Each structure stands twice: as C-alpha cells, then as structure tokens.
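Working through the structure, step by step
So you can see what is in the structure, the chains are spelled out below.
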Amino acid sequence: MIPVITIDGPTASGKGTVAARVAEALGFYYLDSGALYRLTAYASLKAELDLADEDAIEAVAKALAPEFKGGRIVLDGEDVTDKIRMEAVGVAASKVAALPRVRSQLVQLQKRSRQAPGLVADGRDMGSVIFPDAPLKVFLTASAEARAQRRFNQLKEKGITANITTLTQDLQERDRRDMERAVCPLAPAAGAKILDSSNLTVEETVAQVLTWYKECLAA
Ligand code: DC
C-alpha cells in the first residue's frame with residue numbers, strides 16, 4: 001500500500017507550505033487539492049457561469065485537465081499559477097466546493113496522485129473522504145488572527161496591500177461556509193491528530209508531522 005499523509009484544515013492554516021515541505025523531506029509527491037477547486041472556480045468565472053449552476057460547474061470539473069510542471073499550473077495552455085491564488089478565486093472556490101457533483105467529479109483526479117514512494121495531500125477532506133486509509137492524518141489549525149496575519153504577510157510580500165480586519169472577516173466567512181456545507185464539511189477526520197500552529201514556526205510544525213510519521217512507521 002502506498003503511504004499517504006493527509007493534512008487538512010481551514011484556509012490559511014499553513015497546510016500548503018507544511019505539506020509541501022513534509023513531501024520534500026520524505027521524497028513524496030504532493031497534492032494540493034484546493035488547487036483543483038480553485039481551477040474549477042477560475043475556469044467557471046472565465047466562462048461567466050453562475051457559480052450556483054451545478055450542471056454547468058460539474059461539466060467544467062469533469063473536463064478539467066490541468067498540467068502540473070515544475071511548480072507551475074497550466075490550464076488549457078494558460079499559466080494560471082498566480083491567478084488561482086487571488087482572493088476572488090478562493091471565494092469562488094469555496095462556493096463551487098459546496099456542490100456535491102463537483103466534488104465527485106474531482107475524486108478520481110485526487111486518487112490518481114497516490115503514487116510510489118508516497119503522497120502528502122492537503123485539503124479539507126483528504127483524511128475523511130479521499131484517503132480514509134491514510135496511516136497518518138493531521139488536522140492543522142490556527143487561530144483566525146494568526147491565519148489573517150500570515151495571509152497579510154504573504155500578500156505584502158507580493159506587494160499587495162490588504163486590510164487585516166477585512167482579511168480576518170473573509171477567513172471567518174470562508175471557515176463558516178466550509179464547515180457548514182452539507183457535503184464533506186470541514187472537520188477533523190476520525191483518528192486525525194490535531195495540530196494548532198498559532199504559536200509554532202513552519203519548521204516546528206513540519207518537525208511535528210515528521211515525528212508523528214516516524215512513530216506511525218514504528219508502530
Ligand atoms: O485550500 P484552499 O484555500 O486552496 O482551498 C480553496 C477552497 O476549496 C476552499 O474554500 C475549500 C475548498 N476545498 C475543499 O472543499 N476541499 C478540498 N479538499 C480542498 C479545498
């Protein structure tokens with residue numbers, strides 16, 4: 001069985017950075033499942049679709065054929081790596097992610113990324129739905145304030161000005177939508193280890209996940 005480490009958690013909890021570094025440390029593949037929802041949202045916005053039109057968005061998800069090369073994401077010949085990180089796309093992603101048939105269309109794409117020697121998958125339902133047999137499941141969280149501060153710093157690095165109060169409100173609104181939706185609401189998977197990174201550095205967080213993984217291999 002190819003090992004999988006799942007890292008789920010709310011927006012801006014640092015999942016992406018932590019998952020990518022854990023994958024690098026172990027020589028595993030890395031799946032950023034949120035990117036698939038962002039890509040679906042991006043393509044839907046570009047086609048000017050109504051984000052509540054499940055038939056239309058399902059068709060977009062079904063046809064989705066992103067190419068991941070050298071850290072870049074190409075969709076239908078367009079480099080969308082940075083575009084899908086925009087807040088507006090994130091908000092749209094959380095709307096399309098609430099549509100059950102859109103989620104089912106993306107299941108195979110996610111399962112296919114389980115390849116030897118192993119996979120680190122980050123998202124919301126990696127441990128609960130996509131890889132329920134993962135030997136290590138982590139639920140990475142942090143306070144809304146800590147997450148808003150991190151998002152603020154990221155945006156600042158990119159030269160984008162943002163307002164911390166608005167960012168905190170946006171995060172809380174997206175948490176609510178992700179936690180309250182009927183399908184696959186954001187919640188720790190059964191058996192997940194909860195890791196609160198509010199007061200931890202990225203290195204400390206990565207080290208904790210690697211320690212848990214070693215323990216799990218020894219068990
Ligand atoms: O992790 P992220 O911010 O890139 O995810 C974008 C949106 O996609 C987020 O609002 C919730 C949704 N998502 C999901 O429902 N299930 C996943 N496995 C990953 C992301």
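Below, the structure is looked at part by part. Sequence order as written defines residue numbering, which begins from 1 separately in each chain. Confidence filtering applies because this is a predicted model: local features only for residues at pLDDT of at least 70, side-chain atom pairs given and counted only at 80 or more, and all residues used for totals across whole chains, interfaces and linings. In computing side-chain properties, one takes all heavy atoms of the structure into account and sets aside hydrogens as well as water.

**Remarks on the pattern of salt bridges**
Test applied: Salt bridges are counted wherever a side-chain nitrogen of Lys or Arg sits within 4 Å of a carboxyl oxygen of Asp or Glu. A run of DSSP states H or I qualifies as a helix once it reaches four residues; a run of E qualifies as a strand once it reaches two. Both are numbered from the N-terminal end.
The full count for this structure, using the stated rule, is 17 salt bridges. The partner of Lys 46 in a salt bridge is Glu 78, with the nearest N and O atoms 2.8 Å apart. Here Glu 78 lies in strand β5 (residues 78-79) and Lys 46 lies in helix α2 (residues 33-46), a separation of 32 residues in the sequence. Each of Glu 54, Asp 55, Glu 58 and Arg 101 takes part in salt bridges that share partners, so that together they form one network.

**Re the packing of aromatic side chains**
To be explicit about the condition: Each aromatic pair joins two rings of Phe, Tyr and Trp (for Trp, the six-membered one) with centres within 6.5 Å, and gets the label stacked for planes under 30 degrees apart, edge-to-face for over 60, and tilted for any other angle. For every residue, the accessible area obtained with a 1.4 Å probe (protein chains only) is divided by the maximum for its type, and the residue is called buried under 20%, exposed over 50%, and partly exposed between those limits.
For the coordinates displayed, the defined rule picks out one aromatic pair. Measuring from centroid to centroid gives 6.0 Å for Phe 28 and Tyr 213, while their planes differ by 85°, and the two rings are edge-to-face. Of this pair, Phe 28 sits in the loop between α1 (15-26) and β2 (29-32) while Tyr 213 sits in helix α9 (residues 202-218), and the two are 185 residues apart along the sequence. A relative accessible area of 5% means that Tyr 213 is categorised as buried.

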